[in-house]
Amino acid sequence: MEPDTHSKTLFSLNSTALVLVHPDVKNWIKYARFEEKHTYIAHARKVYERAVEFFGEDHMDEHLYVAFAKFEENQKESERVRVIYKYALDRIPKSQAQELFKNYTIFEKKFGDRRGIEDIIVNKRRFQYEEEVKANPHNYDAWFDYLRLVESDTEPDTVREIYERAIANVPPIQEKRHWKRYIYLWINYALYEELEAKDPERTRQVYQACLELIPHKKFTFAKIWLLYGQFEIRQKTLSLARRALGTSIGKCPKNKLFKGYIELELQLREFDRCRKLYEKFLEFAPENCTSWIKFAELETILGDTERARGIYELAISQPRLDMPEVLWKSYIDFEIEQEEYERTRNLYRRLLQRTQHVKVWISYAQFELSSEMEENVSKCRQIYEEANKSMRNCEEKEERLMLLESWQSFEEEHGTGTNRERVEKLMPDKVKKRRKLQAEDGSDAGWEEYYDYIFPEDAANQPNLKLLAMAKLWKKQQQQESEASEEDPDAETEDVES
């Protein structure tokens, strides 16, 4: 044996003993590099392989895999390099694989194609999302980002696995605000199964599992019920859709659920079912004016005006309504559309018994004007007269002024000069006043200016009106004297001299 060969063999034996006695990663790398330096390529590769096997998956170190990959890169073994990097990146936590990832990126930029570079970017982002969801499993936004990434270019089984991991993180508190983002994980999962994976049965299972999980006695999500119902309609399983929506309004009735179910039956032209649903809906929420109106409109479209009228009558008799003004307007418009003008007048009178709002009076007057009767102008004027008398004691002077302005516009178009002059005399004077302000604790908070309206018809304000008239007359005289003095500046001097 030659001296050099003998010394190499001796060093190799010593290196083997060293890594067994001191099994540090740096010693394994030194051993492999020694073999590589002396062109024992096969021996060097075996050292790296023995090192990987020695440390196993429990004690993986990125420096070992970086050195192994660079060794294979020097040997022009690109595929081996790629396998080493991917093997390590799949098993080493991101926080411990920064150098590994950096070197892999450099390698792909040097030797990889576009697809390889895209893969490495995707893998980097996957590592980031994995770290985020491990740090906080209830970070649903991180799960959404992660799922968008894997859905774009991953096998369905992998996507399902991540969805299952995501939905397993049920919010720890049974409060709706904590579930709002979480429930969209289920919705996206169901949509993925239906639209991407094309698996209707798995889609149905996702919806049903979600509906079993939600604590409906405390809160529910109308959106998930309606999406499930629409899914079953697309599958042409109408009975399952109706069963689901029927269960929803039985377990947890909500306005959105009733509206969605009714809309579904309307599209199917199942009008008898719509009637029954409206009846249940209005038993549940009798104050909902929109539902009363929609129910009446349905009967009107179906040609049953008496049923529609009966629904309106039942609606306005409710002790509590959320938008009574909208309901009354709809009822009045309904009677006008049916050309039932006497019924319309009766409705206005009934409404005025409940409220003396200026808009009701103006609407009543405009209705009389728009009617096709010969006396429509005189009837409209009569309504304005009556409204003005009724609103004399109204505290809201702006509303009274609004009525007079509407009356004035009417007379300008349809009245005579006498009529216009009469309304003009009823118009109030606008005066600026001051009032004392008080703070919440009762202390003095200064003064504020405001505008008030003084109506000529108000007997209580007659003294004020006289004073106001005198003040205006005095101001006018002062103005005339000022103008006269400007025209003849020597007049005052002559009087003094004489």
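Residues numbered from 1 in each chain as written. Predicted model: local features only at pLDDT ≥ 70, side-chain atom pairs only at ≥ 80, totals over all residues. Heavy atoms only, no water.

## A short note on the overall build of the protein chain
Under the convention used in this document: Numbering goes from the N terminus for both helices and strands, where a helix is a DSSP run of H or I of at least four residues and a strand is a run of E of at least two. Type-normalised accessible area, obtained with a 1.4 Å probe on protein chains alone, sets the label of each residue: buried when under 20%, exposed when over 50%, and partly exposed for intermediate values. Residue-level accessible areas treat just the shown protein chains as cover; the underlying method is Shrake-Rupley with a 1.4 Å probe.
Helix and strand content of the protein chain: 25 helices and two strands. Looking at the protein chain as a whole, 38% of its 498 residues are labelled buried. Of the roughly 30500 Å² that the protein chain leaves accessible, carbon and sulfur atoms contribute 48%.

## As for the pairing of strand 1 (residues 429-438)
Just so we agree on the cut-off: Whether two strands pair depends on DSSP finding at least two bridges between them.
Among the ten residues in strand 1, one count as buried, and that is only a small part of the element. Bridge count for strand 1 against strand 2 (residues 444-454) is nine bridges, and the pairing is antiparallel. Among the inter-strand pairings, Lys436 is bridged to a residue of strand 2, identified as Trp447.

## A look at helix 22 (residues 397-414)
Quick reminder of the rule: Take the number of residues in a helix, subtract one, and multiply by 1.5 Å to get its expected span. The contact rule is simple, with two residues in contact once any of their heavy atoms fall within 4.5 Å.
Look at helix 22: 26 Å from first C-alpha to last across 18 residues, which is about the 26 Å you get at 1.5 Å a residue. Those residues of helix 22 lying buried are Arg400, Leu401, Leu403, Leu404, Ser406, Trp407, Gln408, Phe410 and Glu411. Along its buried surface, helix 22 packs onto helix 20 (358-370), helix 21 (376-390), helix 23 (417-426) and strand 2.

## A short note on the pattern of salt bridges
Note the threshold: By definition, a salt bridge exists where a carboxyl oxygen of Asp or Glu is found within 4 Å of a side-chain nitrogen of Lys or Arg.
In this structure the tally under the stated criterion is 32 salt bridges. The shortest N-O distance in the salt bridge between Arg345 and Glu342 comes to 3.4 Å. With Arg345 and Glu342 both in helix 19 (residues 341-354) and three residues apart, the pair spans about one turn of that helix. The shortest N-O distance in the salt bridge between Glu385 and Arg422 comes to 2.7 Å. You can see Glu385 sitting in helix 21 and its partner Arg422 sitting in helix 23, a full 37 residues away along the chain. Taken together, the shared-partner salt bridges in this structure form one network comprising Asp157, Arg160, Glu193, Asp199 and Arg202.

## A look at the packing of helix 15 (residues 271-284) against helix 16 (residues 289-301)
This is how it is decided: Every angle, taken between N-to-C directions, lies between 0 and 180 degrees, and every axis is a line fitted to C-alpha atoms, over only the stretch in contact when it is a helix. By definition in this entry, angles of less than 35 degrees are roughly parallel, angles greater than 145 are roughly antiparallel, angles of 65 to 115 are roughly perpendicular, and the rest are oblique. Two helices cross in a left-handed way if the nearer one is turned anticlockwise from the farther one by less than a right angle. They cross in a right-handed way if the turn is clockwise.
Relative to each other, helix 15 and helix 16 sit at 155 degrees, their axes nearing to 10 Å. The angle between helix 15 and helix 16 falls in the class roughly antiparallel. Considering only the axes of helix 15 and helix 16, their crossing is left-handed. Facing helix 15, whose interface residues are Phe271, Cys274, Arg275, Tyr278, Glu279, Phe281 and Leu282, helix 16 presents Ser291, Trp292, Lys294, Phe295, Leu298 and Glu299.

## Focus: the environment of Tyr341
Relative to the helices and strands, Tyr341 resides in helix 19. Placed 27 residues apart in sequence, Tyr341 and Glu368 show a C-alpha to C-alpha distance of 9.1 Å. In contact with Tyr341, not counting residues within four places along its chain, are Ile336 and Phe367.

## Description of the packing of aromatic side chains
The condition that has to hold: Think of it this way: a Phe, Tyr or Trp ring, Trp meaning its six-membered ring, pairs with another when their centres are within 6.5 Å, and the plane angle makes it stacked under 30 degrees, edge-to-face over 60, tilted otherwise. Two limits define a charge over a ring: the Lys NZ or Arg CZ must be within 6 Å of the ring centre, and within 35 degrees of the ring normal.
Counting across every chain of the model gives 26 aromatic pairs. For the ring pair Phe54 and Phe55, a centre distance of 5.1 Å and an interplane angle of 90 degrees mean the geometry is edge-to-face. Since its relative accessible area comes to 14%, Phe55 is described here as buried. Between Lys176 and the ring centre of Phe221, over which it is positioned, the NZ or CZ distance is 5.0 Å.

## A closer look at the nonpolar core
Short version of the rule: We call a set of buried Ala, Val, Leu, Ile, Met, Phe, Trp, Tyr and Cys residues a nonpolar core when their side-chain atoms join them within 4.5 Å.
Judged by nonpolar contacts, the single largest core of 96 residues is most densely connected at Trp143, Leu185, Ile224, Leu327, Tyr384 and Leu403. Counting residues per element, this core draws most heavily on helix 10 (residues 176-196), which supplies nine residues. Leaving out residues up to four positions away in the same chain, Leu185 has contacts with Tyr140, Trp143, Phe144, Leu147, Tyr163, Ala166 and Ile167. Within the second largest apolar cluster, 31 residues are counted, among which are Ala44, Val52, Ala67 and Ala69.

## Description of the side chain of Thr220
Here is the rule we go by: Two N or O atoms count as a polar contact when they lie within 3.5 Å, although within protein this holds only if one can serve as hydrogen donor and the other as acceptor, and sequence-adjacent residues are included solely when both atoms are side-chain atoms.
Locating Thr220 in the fold gives a position in the loop between helix 11 (200-213) and helix 12 (222-234). Thr220 gets classed as buried once you look at its relative accessible area, which sits at 4%. Looking at Thr220, its side chain comes within polar contact range of the side chain of Trp225, at 3.0 Å. Not counting residues within four places of it along the chain, the set of residues in contact with Thr220 comprises Lys176, Ile214, Trp225, Cys252 and Lys254.

## Notes on unusual backbone geometry
Peptide bonds are trans in most cases, and residues, glycine excluded, mostly fall at negative phi. At Thr39, a position not held by glycine, the phi torsion is positive, near 60 degrees. Along the chain, Thr39 turns up in the loop between helix 2 (25-37) and helix 3 (41-55). Of note, the phi angle at Glu339 is positive, near 60 degrees, even though the residue is not glycine. By the element assignment, Glu339 lies in the loop between helix 18 (324-337) and helix 19.

## A few points about the side chain of Glu335
Tracing the backbone through its elements, the reader meets Glu335 in helix 18. Those residues in contact with Glu335 that sit more than four places away from it in its chain are Arg309, Glu340, Arg343, Thr344 and Leu347.

## Re a positive patch on the surface
Counted only if it meets this: Like charges within 9 Å and nonpolar side chains (Val, Leu, Ile, Met, Phe, Trp, Tyr) within 5 Å are joined into patches, using only residues over 30% in relative accessible area that form no salt bridge. When charges are counted, Lys and Arg are positive and Asp and Glu negative, with His and the chain ends excluded. To locate a charge, take NZ of a lysine, CZ of an arginine, CG of an aspartate or CD of a glutamate.
Positive charge collects at one region of the surface, where Lys180, Lys223, Lys256, Lys259 and Lys294 lie side by side. Mapped onto the elements of the fold, Lys180 is located in helix 10.

## Things to note about the confidence of the model for the protein chain
Interpretation of this model should avoid reading the predicted coordinates in detail wherever pLDDT is low. Our working definition: For every residue, the predictor assigns a confidence score, pLDDT, that lies between 0 and 100.
Looking at the protein chain, pLDDT values average 83 and 86% of them are 70 or higher. Of all the helices and strands in the protein chain, helix 25 (residues 491-497) carries the lowest mean pLDDT, 41, while helix 11 carries the highest, 95. For the stretch residues 491-498, pLDDT sits under 50, and the model shows zero contacts to residues farther than four places along the chain or on other chains.

## A few points about the environment of Leu403
When you line up the elements, Leu403 lands in helix 22. Leu403 gets classed as buried once you look at its relative accessible area, which sits at 0%. In this structure, the C-alpha to C-alpha distance between Leu403 and Tyr384, residues 19 residues apart in sequence, is 7.7 Å.

## Quick look at helix 18
End to end, helix 18 covers 20 Å across 14 residues, agreeing with the expected 20 Å (1.5 Å per residue, within 8%). Taken as a whole, helix 18 has its buried residues at Leu327, Trp328, Ser330, Tyr331, Ile332, Phe334 and Glu335. Its buried side turned inward, helix 18 meets helix 16, helix 17 (305-316) and helix 19. Phi turns positive one or two residues past the end of helix 18, at Glu339, with a value near 60 degrees.

## A short note on the packing of helix 8 (residues 140-152) against helix 10
Between helix 8 and helix 10, the least distance of the axes is 10 Å, while the angle of their chain directions is 15 degrees. Between helix 8 and helix 10, the angle falls in the class roughly parallel. Crossing geometry of helix 8 relative to helix 10 is assigned as left-handed. Every residue of helix 10 that contacts helix 8 at Tyr140, Asp141, Trp143, Phe144, Leu147 and Glu151 is listed here: His178, Arg181, Tyr182, Tyr184, Leu185, Asn188 and Tyr192.

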